[in-house]
Amino acid sequence: MTGVGAGAKDTTTISGRSHAALADDFLRAAVRFTTDRLKDRKRGATEELGRWEEWRERGRAIRSHTVANLDHYLRQFVANARAAGAAVHFAADAQEASAAVLGIVQEKQATLVAKSKSMVSEEIHINSRLEEHGVRVVETDLGEYIIQLAHETPSHIIIPAIHKTREQIKDLFTHDGGQDLGTDTKALVAFARSKLRETFLAADIGMTGCNFGIAESGSVVLFTNEGNADMVSALPKTHIVVMGMERVLPTFADLEVMANLLPRSATGQKVITYMSVITGPRRAREVSGPTELHIVILDNGRSSQLGDAEFQDVLNCIRCGACLNVCPVYRHVGGHAYGSVYPGPIGAVLTPLLLQGEEFADLPNASSLCGACYEACPVKIPLHDMLVALRRRAAQRKAKPGGVRVDRERVAWSGYATLFAKPGRYRLVTRVARIVQAPLARDGYIESTFGPLVGWTGSRHAPALAPEPFRDRFSRMKQDVKVARQNDGKAAESDPR
Amino acid sequence: MNEQAFFQNIARRLGREFPADAAASPAGVGLPAEEPERAFVGAPDFWTARQWGHRERLENFTLELGRLGGSARVYATLAALHGGLETLLQELSAPLVCGWGGEFIADMQLQNVFDSFAVVPWDDEPDMAEPFTRADVGVTGCDFAIADTGTVVLLNESGQGRLVSLLPTVHIVVLRASRIRTSMGEVWREIALRGLDPVHLPSTVIFISGPSRSSDIENDLTIGVHGPAAVHALIWDDVGLP
Ligand code: SF4
């Protein structure tokens, strides 16, 4: 991981702020446009299917049942995968998982790894780990490839390069060897296709995530629209799968439900273009396909949610991104502002749960608690309830020793206190505050009788934040940026970390 | 991490005991003995209970594949299908065409067409894969198709190399109308009847719905990113019912 994007850009200098702000202007428009489009298409696709609420309920029930019996289904999955010839590895945390992957890569003396999009591989920071050891890792999902060339991280879990313009993409591809590329989508895609085709054929190892593991057969199921997971799992001699331990389904019959829910919720597609079901490495009689299949199963904080009535259902998540598309906060700030691998409402819940400690304890405040995420979720995860519960827990942790009463004011304030203490997330927070207060502010004062500010403003008036100060200074900043760009060239674009 | 400890932790969090010796063997955990009770499995009843007739399946498959940017043509006889395939291959005038080998060629009586277009068949010989990485067109059959979604289902078995449908720019699928099922669930039920053990379930089962696509560049939908840019289905209506 070489960068964490706009959210962590230098905000202490005018040029740093301006860069971030200007970039944000496109980002905001792009995120709104894309999320609107995804939302509309999802509505169309779910209406066409019909009885969506029954599908959602079935999706929830299947995932809840699986997670509640994870000891059983994961064991069944592992035993069957081994019977089909896969090697299975267990990792308690990100460190163990990346060590397991590195071990396989080194044993194969691999120098080139082709990868298809996988959030869990972001979670274990495998790319930087492998690169430290001289192994080249190439992302092959078109969007991931673009942001890898830009040394950035995904800003959306389904459309990672949502924040990149075609001009920027053209420049990145030209830098990567493209000649006379226009900004025409076809030309750009044709370049990526031929460039990455070489990678697929040359790679020693293919690495993928796992959308679903099927317990009854030990199969790994991959969903892509581009076909890159197929390339990655079919061409190199070794295939490594990194999967979250909760990513299991009991049967193929259950997979049909997810195959109906996931693409509709993610992009409004009725069906994913490629659904590949992989069971073990190539069989003795086969002449193509990997000779070794390794499955690395990752815990990394997931098991701590099991048995916790408030949070166990977060493991139902099928990573569709629908909750991002409807979230007023995500739509306003985009994915990088969260500073975490998983953005949006699911990120605001999952990140502090998986990575306990103070670093991400403030993320649950990046929400307006409007409940749109729950409405959108195909497996009915009550994200808004979880956000409230996380805030409550954070406030309880801060309660003085011996003090029993955790008042509502403390809950309202705690987030702001920790947030304002952190320059990295300052912009996200002020924005969230602005979005949250928008329907509440009158005459520059916030009067709230509901929502997250009630504990705070129930007893006093809070001064409203200045509306969009950025806009007033827009033209002056634009000039600043121009000068700054001339001065420091691309340097200011690169990330301080 | 130690396998036994990994599972023990999961079971403990869920308020259960994990059998003390379950992962003791060098082969790791074995299959659990009993299935947890479930109220239901898979899709809702209203979905699995649907019964589409032959014509409805055929028409819906054709329609859906078209919506995905693919194309489908229906032929009343196998000879007419051969004519359609020849016309298509002529139009494409591809320098290198590859195809499934083995039973597929005999089953669809494709030998003559394959000969006249010098189609390289997948014959399961070691080191045969190279031409397949260069082919412009791949001709395959499919084991099932799905009317709901315009999907073709390919099982990676002998003669049915996975690369044939994956690497070329154009994918041509030749199939019998009688292979079209209503939904994905039906396909899985039939595959399960053959057995889900490693002997009966092939290493890959691929569900392909139209050409490869991406919207990663400014939301602009393009096809042919990694997989084929065109998918043509040539269907022999071997049932022929009205
Ligand atoms: S929480 Fe629900 S809506 Fe959000 S990504 Fe997960 S499954 Fe999708």
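The model shown is predicted, which means the values in this text are computed figures rather than measured ones.

S.K.: Please provide a residue-by-residue account of the overall build of chain B, values included.
M.R.: Scanning chain B from N- to C-terminus turns up nine helices and twelve strands. If one aligns the C-alpha atoms of chain B with their principal axes, the spans along those axes are about 65 × 45 × 45 Å. Across the 242 residues that make up chain B, the buried fraction comes to 57%. Considering only intrachain contacts with a sequence separation of at least 6, the fraction spanning at least 24 residues in chain B is 71%.

S.K.: Please set out the sheet that holds strand S6 (residues 151-155) of chain B residue by residue, giving values where relevant.
M.R.: The strand order S8(A)-S5(A)-S6(A)-S9(A)-S9(B)-S6(B)-S5(B)-S8(B) describes an open sheet built from eight strands, whose pairing is mixed. Looking at which strands have only one partner, the edges of the open sheet turn out to be strand S8 (248-249) of chain A together with strand S8 (180-181) of chain B. Two strands pair when backbone bridges link them, and strand S5 (residues 144-146) of chain B and S8 of chain B are joined in this way by two bridges, in the parallel orientation. If you follow Ile146 of chain B over to S8 of chain B, its bridge partner there is Arg181 of chain B.

S.K.: Mind laying out unusual backbone geometry, listing which residues take part and the relevant values?
M.R.: Residue and element names in this part refer to chain A. Even without being a glycine, Arg51 presents a positive backbone phi close to 50°. Tracing the backbone shows Arg51 in the loop between helix H1 (14-49) and helix H2 (52-68). Using a relative accessible area of 46% as the deciding quantity, one classes Arg51 as partly exposed. One non-glycine residue, Leu369, adopts positive backbone phi at about 55°. The topology assignment puts Leu369 in the loop between helix H14 (344-354) and helix H15 (372-376). Using a relative accessible area of 24% as the deciding quantity, one classes Leu369 as partly exposed.

S.K.: Report on the interface of chain A and chain B, specifying residues and quantitative values.
M.R.: In this assembly, 106 residues from chain A lie in contact with 82 residues from chain B. If you sort the residues of chain A by the area they bury against chain B, Arg75, Arg193 and Glu256 of chain A come out on top, with a joint share of 10%. Linking chain A to chain B there are seven salt bridges. Note that Asp230 of chain A is salt-bridged to Arg162 of chain B, the shortest N-O span being 3.6 Å. In this assembly, chain A and chain B are joined by 41 residue pairs in polar contact (both at pLDDT 80 or more). The greatest single-element share of the side of chain A that touches chain B, amounting to twelve residues, is contributed by helix H3 (residues 70-83) of chain A. Tallied by class, residues from the side of chain A that touches chain B come to 51 nonpolar, 28 polar and 27 charged. Summarising the sheet, strand S9 (residues 274-278) of chain A and strand S9 (residues 204-208) of chain B pair through five bridges and their orientation is antiparallel. Bridge pairing in S9 of chain B links Ile278 of chain A to Thr204 of chain B.

S.K.: Explain the sheet that holds strand S7 (residues 170-176) of chain B to me, and be specific about the residues and the numbers.
M.R.: Residues and elements named next belong to chain B. One open sheet holds the six strands; their spatial order is S1-S12-S7-S4-S2-S3, and the pairing between them is parallel. Taken across any chain shown, the strands that pair with only one partner, and hence form the sheet edges, are strand S1 (71-75) and strand S3 (120-121). Where strand S2 (residues 97-99) and S3 come together, two bridges link them in parallel fashion. Each residue of the ladder has a partner; that of Gly99, found in S3, is Pro121. Packing of helix H3 (residues 54-67) onto the sheet brings it into contact with S1 and strand S12 (230-236), and relative to S12 it is tilted by some 165°. Across the sheet, helix H4 (residues 78-92) is in contact with S1, S2, strand S4 (137-140), S7 and S12; its angle to S12 comes to roughly 160°.

S.K.: Any details on the pattern of salt bridges? Residues and values, ideally.
M.R.: Evaluated as defined, the whole model comprises 33 salt bridges over all chains. Residue Asp36 of chain A is joined to Arg331 of chain A by a salt bridge in which the shortest nitrogen-to-oxygen separation is 2.9 Å. Taken as a pair, Asp36 of chain A in helix H1 and Arg331 of chain A in helix H13 (residues 328-333) lie far apart in primary sequence, 295 residues in all. Asp36 of chain A sits in the partly exposed class, given a relative accessible area of 30%. The closest approach of N and O atoms between Arg181 of chain B and Glu190 of chain B, which form a salt bridge, is 2.4 Å. Overall, Glu190 of chain B belongs to the partly exposed group, its relative accessible area being 27%. Beyond isolated ion pairs, a larger network of salt bridges with shared partners links Glu123, Glu246, Arg247, Arg302 and Arg319 of chain A.

S.K.: Which residues make up the site of the ligand, and what values go with them?
M.R.: Inspection of the region around the ligand gives 13 residues, with Cys317, Cys320, Gly321, Cys323 and Cys377 of chain A positioned closest. Among the residues forming the shell around the ligand, the class breakdown is eleven nonpolar, one polar and one charged.

S.K.: Lay out the side chain of Ser340 of chain A with the relevant residues and their values.
M.R.: Residue and element names in this part refer to chain A. With respect to the helices and strands, Ser340 occurs in the loop between H13 and H14. With a relative accessible area of 13%, Ser340 lands in the buried category. Of note is the side chain of Ser340, whose polar atom sits 2.9 Å from the backbone oxygen of Tyr342. Dropping the residues within four chain positions of it, Ser340 is found in contact with Thr351, Phe360 and Leu363.

S.K.: An account of the confidence of the model for chain B is needed here, citing residue identities and associated values.
M.R.: The pLDDT averaged across chain B works out to 92; a share of 98% of its residues lies at or above 70. Both scores are given for the predicted complex: the pTM is 0.85, the ipTM 0.96.

S.K.: Can you break down helix H8 (residues 166-175) of chain A residue by residue, with the values?
M.R.: It helps to recall that an α-helix has 3.6 residues per turn; residues three or four apart then point in one direction. All names here are of chain A. Regarding H8, the residues found buried are Arg166, Ile169, Leu172 and Phe173. Angular distribution of buried residues about the axis of H8 spans 115°; they occupy a single face of the element. In this fold, the buried residues of H8 make contact with helix H7 (142-149) and helix H9 (185-202). Directly beyond the C-terminal end of H8, a positive phi value near 115° is found at Gly177.

S.K.: I'd like a rundown of the confidence of the model for chain A, residues and numbers included.
M.R.: Of all residues in chain A, 75% have pLDDT values of 70 or greater, and the mean over the chain is 78. With pLDDT under 50 throughout, residues 1-19 of chain A is counted as low confidence; its partners more than four residues away or in other chains account for 49 contacts.

S.K.: Help me get a handle on the environment of Met119 of chain A, residues and values and all.
M.R.: Residue and element names in this part refer to chain A. With respect to the helices, strands and loops of the structure, Met119 is situated in helix H5 (residues 119-123). Since its relative accessible area comes to 10%, Met119 is described here as buried. Note: C-alpha distance between Met119 and Cys210 (91 residues apart in sequence) is 9.7 Å. With residues up to four places along the chain from it excluded, the contact list for Met119 reads Ile157, Val341 and Tyr342.

Here is what the cut-offs are and how they apply
- Residues numbered from 1 in each chain as written.
- Chains lettered and ligands numbered in written order.
- Predicted model: local features only at pLDDT ≥ 70, side-chain atom pairs only at ≥ 80, totals over all residues.
- Heavy atoms only, no water.
- Helix = DSSP H or I, 4+ residues; strand = E, 2+ residues; numbered from the N terminus.
- Buried < 20%, exposed > 50% of the residue type's maximum accessible area, 1.4 Å probe, protein only.
- Contact = heavy atoms within 4.5 Å.
- Pairing = 2+ DSSP bridges.
- Buried area = accessible area lost by both parts, 1.4 Å probe.
- Salt bridge = Lys/Arg side-chain N within 4 Å of Asp/Glu carboxyl O.
- Polar contact = N/O pair within 3.5 Å; in protein donor to acceptor, adjacent residues only side chain to side chain.
- Nonpolar A, V, L, I, M, F, W, Y, C, P; charged D, E, K, R; others polar.
- Axes fitted to C-alpha atoms, helices over the stretch in contact; angles between N-to-C directions.
- Near = heavy atom within 4 Å.
- pLDDT = per-residue confidence, 0-100.
- Arc of directions from axis to C-beta.

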